[in-house]
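Here's the letter readout for the chains.
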Amino acid sequence: MTYFQGINKIQFEGKGSDNPLAFKHYDPKQVVLGKTMEEHLRFAVAYWHTFNANGTDPFGVGTMVRGWDSYDGLDRSKARVEANFEFMEKLDMPYYCFHDVDIAPEGATLQETNKNLDVIVAMLKDNMKTSGRKLLWNTVNMFSNPRYVHGAGTTPNAEVYAYAAAQLKKGLEVGKELGAENYVFWGGREGYETLLNTDMGFELDNLARLYHMAIAYAKEIGFDAQFLIEPKPKEPTKHQYDFDAATTIAFLQKYGLKDHFKLNLEANHATLAGHTFEHEIRTAAINGMLGSLDANQGDLLLGWDTDEFPTDLYSTTLTMYEVLKAGGIGRGGVNFDAKVRRGSFEAEDLFLAHIAGMDSFAWGLKAAAKLIEEKTLDSIVEDRYASFKTGIGAEIVSGKATLASLEQYALQNNPIVNKSGRQERIRLMLSEVIFSV
Ligand code: XLS
Ligand code: CA
Ligand code: CA
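Where an unreviewed UniProt entry is consulted, the protein chain appears under the name Xylose isomerase, with the organism given as Paenibacillus soyae. Database annotation for the protein chain, UniProt heading Subunit (unreviewed entry): "Homotetramer."

Have a look at this one:
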């Protein structure tokens, strides 16, 4: 059975090609700064957007034309598994990611749900073995089912907390079974609407308790995936607890969890938090917490999470610049947590969208590598902080300076001379590099 008829394996044809079903920049085996593009980028397909989303919005029903939708229940889940592997192979996508509810339908009881999962996980495992495709991360969806109306790890209801713990336990077992490289926690309902009915301190204590239990259980079953927390400032709750990278790091530090986690950062979540993606990546990197990336882009004219495919080359370049500077993405990857627009409803659009994202990231990688090779930004930054290399600056950095010694210096050093930051010039230099690769 084929779900993407008429689409062959997507090949790299290079910049001159006008074939929409070909890569112009993503050449998996091309070496950039000592590693292949494939090794740098570790692309992943997000199961939920590609195989589950049907284009429904608050004003209308689904629009997507999908072969697997001619089935129901577990049969549809099986069809999605087949479609997933056909899709990954045709795009030469090495990884995929999913929530438990994306791959198998929830049953009437926890027992039934777990049974459904077992059937599909076995099928995924077989397909992974024959295709060599891998699981970048899995997670459990503790936000869609109405039981999670007031949260999962931060619910005021201990019965719901217990259910969430059981779901999480199964998620860790599934991750182990499929050899997931990472395990993600995104707290969809871990936040609140109003303090008038909320004990924030208690909710955060409980969330930390759940994470400690997860660490203990992963150790018990020998699941050695990297745990990742994915920050998001709002939506669905008004105040999401894992607001951004800095907030999440502070939480992990407070509860003694920092050594067990890294961050899964998403571009659209960064912009919702009022940050750039590169700000979030830098914040994680300087704290040793860069884990993985959810690649997408938001619409700056809209205040919600639009999860569009990433095509902004300035952003993909600066993202890959941060990743290269941080020494690479490690066990993480670039997961397309992105959905085609409601009007892009043909199956072929799934390919065109992923090609757009993969090419934009490959383009960004090449530009970032050039920025690094030519030390374009490094020399600017080095020069900007040069006053800390010698004299009074060196004394500050070495710890020799005191308030009194600095006062003495300041009293004699008159006038102070500052240098221009040259931001506009640097932006143009960036454009020149992007369009030269
Ligand atoms: C939603 C999140 C979610 C996580 C995984 O906004 O991006 O999809 O990546 O639960
Ligand atoms: Ca995400
Ligand atoms: Ca999102």
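Next comes the rest of the write-up.
Visitor: So what exactly am I meant to see when it comes to the coordination of the calcium ion (ligand 3) here?
Guide: Six octahedral donors around a metal ideally sit at 90 or 180 degrees from one another, while four tetrahedral donors ideally sit at 109.5 degrees. Distances from the calcium ion (ligand 3) to its protein donors, Glu266 (OE), Glu266 (OE), His269 (NE2), Asp305 (OD), Asp305 (OD) and Asp307 (OD), fall at 2.2 to 3.0 Å. Given six donor atoms and angles of 46 to 152° at the metal, the environment of the calcium ion (ligand 3) is assigned as irregular. Mapped onto the sequence, the donors of the calcium ion (ligand 3) take the spacing E-x2-H-x35-D-x1-D. The distance between the calcium ion (ligand 3) and the calcium ion (ligand 2) is 4.6 Å, with glutamate 266 acting as a donor to both metals. With histidine 269 in helix α9 (residues 267-272) and aspartate 305 in the loop between β13 (290-294) and α11 (313-325), this pair connects stretches of sequence that are 36 residues apart. By relative accessible area, which is 4% here, histidine 269 ends up buried. Given a relative accessible area of 12%, aspartate 305 falls into the buried group.

Visitor: Help me understand helix α7 (residues 200-221), please; the structure alone is not making it clear to me.
Guide: Within an α-helix, residues lying three or four positions from one another point in the same direction, as the helix has 3.6 residues per turn. With 22 residues, α7 extends 32 Å from end C-alpha to end C-alpha; this agrees with the ideal 32 Å at 1.5 Å per step. Turning to α7, its buried residues number three or more, namely Glu203, Leu204, Asn206, Leu207, Ala208, Leu210, Tyr211, Ala214, Ile215, Tyr217 and Ala218. On its buried face, α7 is in contact with α6 (158-177), β8 (182-185), β9 (191-192), β10 (226-229), α8 (245-254) and β12 (261-266). Downstream of α7 by one or two residues, glycine 222 has phi in the positive range, about 70°.

Rules used in this analysis
- Residues numbered from 1 in each chain as written.
- Chains lettered and ligands numbered in written order.
- Predicted model: local features only at pLDDT ≥ 70, side-chain atom pairs only at ≥ 80, totals over all residues.
- Heavy atoms only, no water.
- UniProt positions renumbered as here; feature names shortened; annotations may be inferred.
- Donors = N, O, S within 2.8 Å, 3.2 Å for Na, K, Ca; no water.
- Tetrahedral: all angles 85-135°; square planar, octahedral: opposite > 155°, others 65-115°.
- Helix = DSSP H or I, 4+ residues; strand = E, 2+ residues; numbered from the N terminus.
- Buried < 20%, exposed > 50% of the residue type's maximum accessible area, 1.4 Å probe, protein only.
- Expected span 1.5 Å × (residues − 1).
- Contact = heavy atoms within 4.5 Å.

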